[in-house]
Amino acid sequence: MPPTAGSKGAKGGGEKGSRGSSTAVAKKPKSLLMSIKILDVMRYVIGLICDLVRGKEALKKSNDYVKKLLGFVWPTFIGGNPEDREGRAEIILLLMLSVVRTALVDRSAHLVRQLTQAVYAKDKRAFMALLNTGILFALCGTMESVSSHCRDRLVILWRKKLTEKIHKIYYATMNYYYIGTTKKPRAIKDSDDIIVREVASLSGRLVSIITNLVGGVTPILWFTYRLSRDNSVWFAMIPHVYLLFAYEIAQRLLPKNIGVLWRDQKMAQGSYYKAVSRLQSNAEAVAALDGSEIESQLLQRSYDKVSGSALNLFKSKGLHDLIVKVAFTYGCKAWIQSFILYPILTRSRSNRSSTGSLMSTSGKSTELMIEMLIANGNLLRLHAVNQHIGRSAERLCGFISTLETLSEQHSSKDAASRIKDGTSISFSHVDIHTPNNDLLVKNLSFSLNQRESLLLTGHNGAGKSSIFRCLGGLWPTKTGYISKPGASVDGLCADIYYLPQKPYNVLGSLKDQLTYPAINATISDEELESLLSKLDLLHLLEDNETINWEERLSLGEQQRLAMARLFHHSPKFAILDECTSAVSHEVEKMLYEECAKRNIAYITICHRPALKAYHEKNLHLKGEGTGGDWEVHDLGKTSLGNQPHTEPKPKRVSKQVVVSSDRSKIQTRGFLSKIFKLLRIVLPGSRGAVVLLILTILSRTAMHEVRMVVTGKLIQAALKRNKAAFFKLALINVFQDLFAAILEAGAEYQQNRTGVIWQDSLMKYGKDLFLKNNAFYRVRNIDGRVKDPDTRMTQEVQDLSEHLSAILSRSIQPLANVCWLLYRMRSMASSEAMTPLLIYMAASSFIIRLCMPDHATLIKKEQQDEAKFRFVHNRLRNHCESVAFFGGGMREKEIADKALQNLIDQQMSARKKEGFFRWISLALMKDTEDYSNKIDTSGLVSLYVRLKMVTSNAASGAVDIQNAMQQSISVFVDSFIKLTGIYEHISKLSGSSTRVCELFDIMESLKAHVDNAEDADNITFTNTTVATPTGMLIASNINIEVQKGTSLLVTGPNGVGKTSFFRVLSGLWAADGVSKPVGGVSLVPQKLYMVTGSLAAQVVYPDSPANMNTAVEGRIMKALESVGISRLATRERIQLINVGKDDIVRLLPFKSRLEQDCRAVIRIVGDEKVEIRGSVSSCKSVIKEISDQGAKVTLLSDDPAGLSKVEPWQDVLSLGEQQRLGIARILYHTPPFAVLDECTDAVSADVERDLYHLIQKGGTTCITISKRLTLPEFHQQCLVLGANNESQWKLKDVNADDTDSE
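Our subject in this report is the structure included herewith. (Residues numbered from 1 in each chain as written. Predicted model: local features only at pLDDT ≥ 70, side-chain atom pairs only at ≥ 80, totals over all residues. Heavy atoms only, no water.)

### Concerning the pairing of strand β2 (residues 425-433)
(1) Moving on: Counted residue by residue, β2 has 7 buried out of 9 residues, so it is predominantly covered.
(2) Moving on: Judged from the 6 bridges that link them, β2 and strand β3 (residues 439-448) form a sheet pairing that is antiparallel. From the neighbouring strand, Ile432 faces β3, where its bridge partner is Val441.
(3) Moving on: When β2 meets strand β5 (residues 481-484), the two strands line up antiparallel, connected through 3 bridges. What sits directly across from Phe427, in β5, is Ile482. (Buried < 20%, exposed > 50% of the residue type's maximum accessible area, 1.4 Å probe, protein only. Helix = DSSP H or I, 4+ residues; strand = E, 2+ residues; numbered from the N terminus. Pairing = 2+ DSSP bridges.)

This is the structure:
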């Protein structure tokens, strides 16, 4: 049978394998019986039970993806190893506790019946005689805390099982690299998110399926039997029949788009969080370019999607909750009560049972029927969970399947046979292809023996790094053979070592940085100190602990530390991929000298001809990534080992100066002060929503009063056998319950809506502060007190607004109930009767507060471990290629496993403390979220107080007053318990509000950003002192003038503060004596900031491309053409001419290949033309086949349609293309001055000269920041920082022969 609409999620989750056959079956009309939706639930539950009994192998073979996941984590109950048995004890205990709980509920119903009879009869002696049994039952009821603890442990264990299973295949055979680079649609770019977030989420949902199953089947069977025995079979079937009709109706009315809306909201939140994080990561570039206005617009547009998607979700969810409450919660209360009272109404006059006996019996039947409905609801939730997580389960199963497939391919792939073990590195007739089968280099042949050196050059995209991806086995080869040492080892780590431009720093100690990727390797303190001393890194010994070295070290320090790693391992061969771009000439020369001394043969990838002096041969790639030719030149024999070693110059001593600081002392706020501050932000724009929320909540209190009155009169009518009044009141009872359902659903929707409005207010307030006065840069980089403003501005603000609105909603309702019911109960009985209840509730609240664990600390520690686990996977995804080159998969697995174990240990510890606290809570008070009727301590106290009230009130024998007392005390106790539980939410609110208020206070305390520079035609520094915000002196008393047309080169060793010169010039750092053209200085950094948006937006930034006209488009295209990347804005168009109708028919088989494989767009124009829009290189082979059929091919070119194309440009463009785009931005704006901060080191020397020529031709004067003296023909002056004099700078003519400048 094909899945029905009610099982849409199940179809998506598990019917994929049978879709072909189910399509044919779906055409047949379904019978009325087969269309009943609850049968889907029954079939699924029975099938799940059968598969669970058969074991994990049966689950794995299922077509249902949820069952497949259960197969991965389901324990072995007979035999098996300890890992397979994990979770077995918890499942057995859950099953046993479910049976015990069912028996306890059954006996509790009987005991409550006897206690209620004693209350109605005012028989204190009988009541006290039953009290001891009641206390024993109440203590047994605390086993629910054990059941809850088992569920928590099972969630953690199953997450651990799933994660470890993924880790095992994810880190094997470099799958962490292949998973993101394999061909679409199998490529998965967010593997870290799947492993960290989705596995955790699905583990919890899988456990909920098992707990709902265990908590549903046993009670249904038992209570159906009890009701049929005590009453009749048809009586016992009433709840099932009701649910059948209610489920059928609800399934047809429930909104079907909640899953889509939930996904849209999460995607919108992810995009917004990424936008804020991206702004924070590029804060300096944005602040320097004065891009806060355009960034504000981008953030607002991104957040509007978050707010809009949240409101759409809550509207749909509100409708869903209303239907569920009407159908299953409130809808069943009224008819159950009327149905149970009906036998009393129709009893014969000969039935002389007492009122207490009649009411207690009806109460027992009500409780058993409610328990059966709850059990049925568990099975419905089980099926609903399966539907909701079907797509997510399919995605995770697909991820695991892809990893397993990659492992199988790796073990049998043809590429392995083409890599042979040898004593040298050699390529013999090898074609270099990308994973998408694009040919980069054709028929490559070269060799490198030990102690030799090779320089590899070529244009960007020519395939230089791709050669070594093939050497390391990262990319397969289809022709020729490759020889290398350690061919059987993944990556290059055996006897070939790889040094990239951006080094990879493992998460570990300083020694781990040098021993990586070896596992459990050691290095002596003497060798460590020697290597660090050689590379001027001895100061790192102070931080020999596990830290994030990427944040701790500059790029130059990271490159030098990578060299120390190379020297420690001393391999036979080294691949140096632009690995000296951030170090001085001396360090660069020392690297090659040391390689020669250690007999390390090396291949260097670079653009600069200056490095030819260190190499014997030059392999030059002539093509541009289109299968071009290559050539090898002999550069002459070098003998670096015999050259005198150049000692590095002594490190200069840093001086401290007093600098003005943005830091001002901020107020230390107490909890109430923080709450008042937040309320002042959120209330002005939400008064109407808050008032409506409060009125809705208070209306629910009024409905309690209405319910008490109506229920009391209904019971009286039944006892008096007044059928007319009974049916009238029963109908009123139904309508008042429906109105109560509307009020409750409305209150929940209004709470969510208020939370969104408050989040809007907090986000807008925070965003305005964040972008005002460049606070996004100054808070972290100048003030320094907050290291994670982006996290506080996003996730924590959202959590804070949710906590605020939840506390408002959860406190008003119970507070109103407590106040009103205290007054109400005092009118029913004396204060003396109420005293025991008040004393008990106050004492219980005090004890619970005393035993409550430190939730804030537990949550903070767990979040830290969770964040570290996510960080480990996130950084691996970002550095997967470097790790793969190193062959560091097993070392990374060790790090990830350790982070996972720390997280698991912390979660287990926290759940243990929370479990004990829950046991204390349940021993004293009932669980207000548990709708079952187990007897509990607070319930016994309530019955005792009710007994005292009826004995102290002469009129209390009336049934309506008894009913009013019962309901008043019950609601009062529940409300008091909810008020007690609010403290937990307040403690969580305290933690989040502290961090958010601290950020707001710091941003408010920042002084207005004032650029002290005077407006002038030229750039002038007059007695200017340059110092860091912490007071470290860079240079003092600088006196220079940069006139228009007179370019300046700023140079000096690493760490002397070359970029600091620009920070002062742009006003990011405070300094006196600076004059410049206002708004006339632009920055092009080494890594260009790519704004979110179109290609045009990249060029015109910080301007907006919104009002782009033809003239602006022309200027943009001219700038792109000048720097050689106009192809980004054009789409090649191939036109096939003279194609007849018959030929068009023959061309149709090529259509799918062009559209799917080549991602081209096909358009048939009339009878004689076919247009193909796409990349010519990717369509080349298919077009050749088409042209072989006689079609005439013409290559055309489109104009600026591509300017509006939106792409993730930072990922799409290579570093060289990004740097060209940065120059295009200068050519478009033509500022008087441009600071070029190492922004041409990824392009060849010829291209670099051309770019500088274009800049000068456009009338822009360059200020170049570089480690070395580059392009002297384009500069007139040279400012040397770090000079050996008192002021630590000097100015010279660029052509002056002064070697001391370095």
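After that view, the rundown keeps rolling.
### Thoughts on unusual backbone geometry
(1) Moving on: Here the amide bond leading from Tyr516 into Pro517 is cis, since omega sits at 10°, within 30 degrees of zero.
(2) Moving on: With respect to the element layout, Pro517 can be found in the loop between α20 (510-515) and α21 (525-534).
(3) Moving on: Residues Tyr1101 and Pro1102 are joined by a peptide bond in cis, for which omega reads 10°.
(4) Moving on: The topology assignment puts Pro1102 in the loop between α37 (1095-1100) and α38 (1110-1122).
(5) Moving on: Positive phi, normally seen in glycine, also occurs at Asn1037, with a value near 50°.
(6) Moving on: Topologically, Asn1037 is positioned in strand β13 (residues 1033-1042).
(7) Moving on: The class for Asn1037 is partly exposed, based on a relative accessible area of 44%.

### Section: the packing of aromatic side chains
(1) Moving on: Counting across every chain of the model gives 25 aromatic pairs.
(2) Moving on: Ring centres 4.8 Å apart and planes at 10° place the aromatic pair Tyr592 and Tyr614 in the stacked group. Of this pair, Tyr592 sits in helix α24 (residues 585-597) while Tyr614 is found in the loop between β8 (601-605) and β9 (617-621), placing the two residues 22 residues apart along the sequence. The same class applies to Tyr592 as to Tyr614, namely buried.
(3) Moving on: Through pairs of rings, three or more aromatic residues link up here, namely Tyr497, Tyr498, Tyr504, Tyr516, Phe885 and Phe886.
(4) Moving on: Lying over the aromatic face of Phe886, Arg565 brings its terminal NZ or CZ to 5.3 Å of the ring centre. (Phe/Tyr/Trp six-rings, centres within 6.5 Å; stacked < 30°, edge-to-face > 60°. Lys NZ or Arg CZ within 6 Å of the ring centre and 35° of its normal.)

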